[in-house]
Structure formats: structure tokens, C-alpha cells
Amino acid sequence: HWDRYGWQSALTPREIWRRGIAALDALARAEHGAPFADLSGAQQDGLVRRLAASEGRAGDVPGFDAPHAKEFFALARRHTVEGMFSDPIHGGNRDLVGWRLIGHP
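Let me sum up the structure you'll find in this document.

### A closer look at the overall build of the chain
A tally of helices and strands in the chain yields five helices and zero strands. Across the chain, helices and strands are ordered from the amino to the carboxyl terminus as α-α-α-α-α. Across its three principal axes, the chain shows a C-alpha extent of roughly 45 × 35 × 20 Å. Every one of the 105 residues in the chain was classed for burial, and the buried ones make up 27%. Of the roughly 7,100 Å² that the chain leaves accessible, carbon and sulfur atoms contribute 54%. Averaged over its 13 positive side-chain charges, the chain has a centre that lies 2 Å from the centre of its 13 negative ones.

Written out as C-alpha cells, the structure is:
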């Protein structure tokens, strides 16, 4: 929907990142007793799957009201893809790893 209608949030991308990371870290601490960065890969994947599966309603994933879990996941996914496959001149796609992955010359 971003491609068709443009930015559709009252929050800026920076606010979504800051609030979303804080909410994800709080969720990790509440459910696993440790910050998100210190969890096992399986635990991190489980929390991220919950964000991805969210319906975007308040209370859907604890601590994600603004932004909703779905909104935070969508932005994080979009920025990850952009970083992975962008021209390295912009700071992502280090050593052309993203381009090599898809066979780009």
C-alpha cells in the first residue's frame, strides 16, 4: 500500500523504529528474561514471527500499540530488503552480497 498511497502513518519512520525496537526489547525481556539481542536465534525468530502474523490491532502483541506490531514489522522488512539489494553506494549490500545472491552482474 505504500507504493500506491505513499506514507500512511502519523509516526515518522524514525519514531516507528525507536518505539518498535523498544517494544520488541520489552517483549523479549517479559517473555524470555533477556534483551532481544541476547536471545537465541530460535527465540528471536519466534518473536519476529509474531510481529509478522499480527493483525495490526491494539493489544495484538503486548507493548505494540503505536506502532502496531504489523506496522513495525512491515517497515523493518522493507528497510532490510532495501539494504540487502540496494546499490552499495548507499551503504547497504556490502561486498555486493545481495546482488550476488540474485545473480545481478
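Now, onward.
### As for unusual backbone geometry
Among all residues save glycine, negative phi is the norm, and among peptide bonds the norm is trans. With an omega dihedral of 5°, the bond running from A66 to P67 counts as a cis peptide bond. Among the secondary structure elements, P67 is positioned in the loop between helix 3 (41–53) and helix 4 (69–85). The residue N93 is not glycine, and still its phi comes out positive at about 55°. Its place among the elements puts N93 in the loop between helix 4 and helix 5 (97–102). According to the relative accessible area criterion, N93 is buried, its value standing at 3%.

### Some points on the packing of helix 3 against helix 4
For the pair helix 3 and helix 4, interaxial distance at closest approach is 7 Å and the crossing angle is 110°. Overall, the two elements helix 3 and helix 4 adopt an arrangement that is roughly perpendicular. The segment helix 3 lies against helix 4, with V48, L51 and A52 engaging A69, K70, F72 and F73. Classifying every residue of the contact of helix 3 with helix 4 gives six nonpolar, no polar and one charged.

### Describing the packing of helix 2 (residues 13–32) against helix 3
A pair of packed helices is captured by two measures, namely the crossing angle of their axes and the spacing between those axes. As a packed pair, helix 2 and helix 3 sit with axes 11 Å apart at the nearest point and diverge in direction by 125°. It follows that helix 2 is oblique to helix 3 by the angle criterion. In the crossing of helix 2 with helix 3, the sense of the turn from one axis to the other is right-handed. For the pair formed by helix 2 and helix 3, the contact residues are L24, L27, A28, E31 and H32 on the first element and Q43, L47, R50 and L51 on the second. Taken together, the residues of the contact of helix 2 with helix 3 break down into five nonpolar, two polar and two charged.

### Focus on the packing of aromatic side chains
When we look at a pair of aromatic rings, we describe it by the centre distance and by the angle of the planes. Across all of its chains, the model carries two aromatic pairs by this definition. These aromatic residues form a ring-pair network of at least three members: W17, F64 and F72.

### Quick word on the nonpolar core
Core analysis: the largest hydrophobic core is formed by 16 residues, its most contacted members being L24, L47, L51 and F64. A total of five residues in this core trace back to one element, the largest contributor, which is helix 2. Setting aside its immediate chain neighbours within four residues, L47 contacts L24, L27, A28, E31, H32, F36 and L39.

Definitions and limits used
- Residues numbered from 1 in each chain as written.
- Predicted model: local features only at pLDDT ≥ 70, side-chain atom pairs only at ≥ 80, totals over all residues.
- Heavy atoms only, no water.
- Helix = DSSP H or I, 4+ residues; strand = E, 2+ residues; numbered from the N terminus.
- Buried < 20%, exposed > 50% of the residue type's maximum accessible area, 1.4 Å probe, protein only.
- Areas by Shrake-Rupley, 256 points an atom, 1.4 Å probe, with all protein chains shown as cover.
- Lys, Arg positive; Asp, Glu negative; His and termini not counted.
- Charge placed at Lys NZ, Arg CZ, Asp CG, Glu CD.
- Axes fitted to C-alpha atoms, helices over the stretch in contact; angles between N-to-C directions.
- Parallel < 35°, antiparallel > 145°, perpendicular 65-115°, else oblique.
- Contact = heavy atoms within 4.5 Å.
- Nonpolar A, V, L, I, M, F, W, Y, C, P; charged D, E, K, R; others polar.
- Left-handed = near helix turned anticlockwise from the far one by under 90°.
- Phe/Tyr/Trp six-rings, centres within 6.5 Å; stacked < 30°, edge-to-face > 60°.
- Core = buried A, V, L, I, M, F, W, Y, C linked by side-chain atoms within 4.5 Å.

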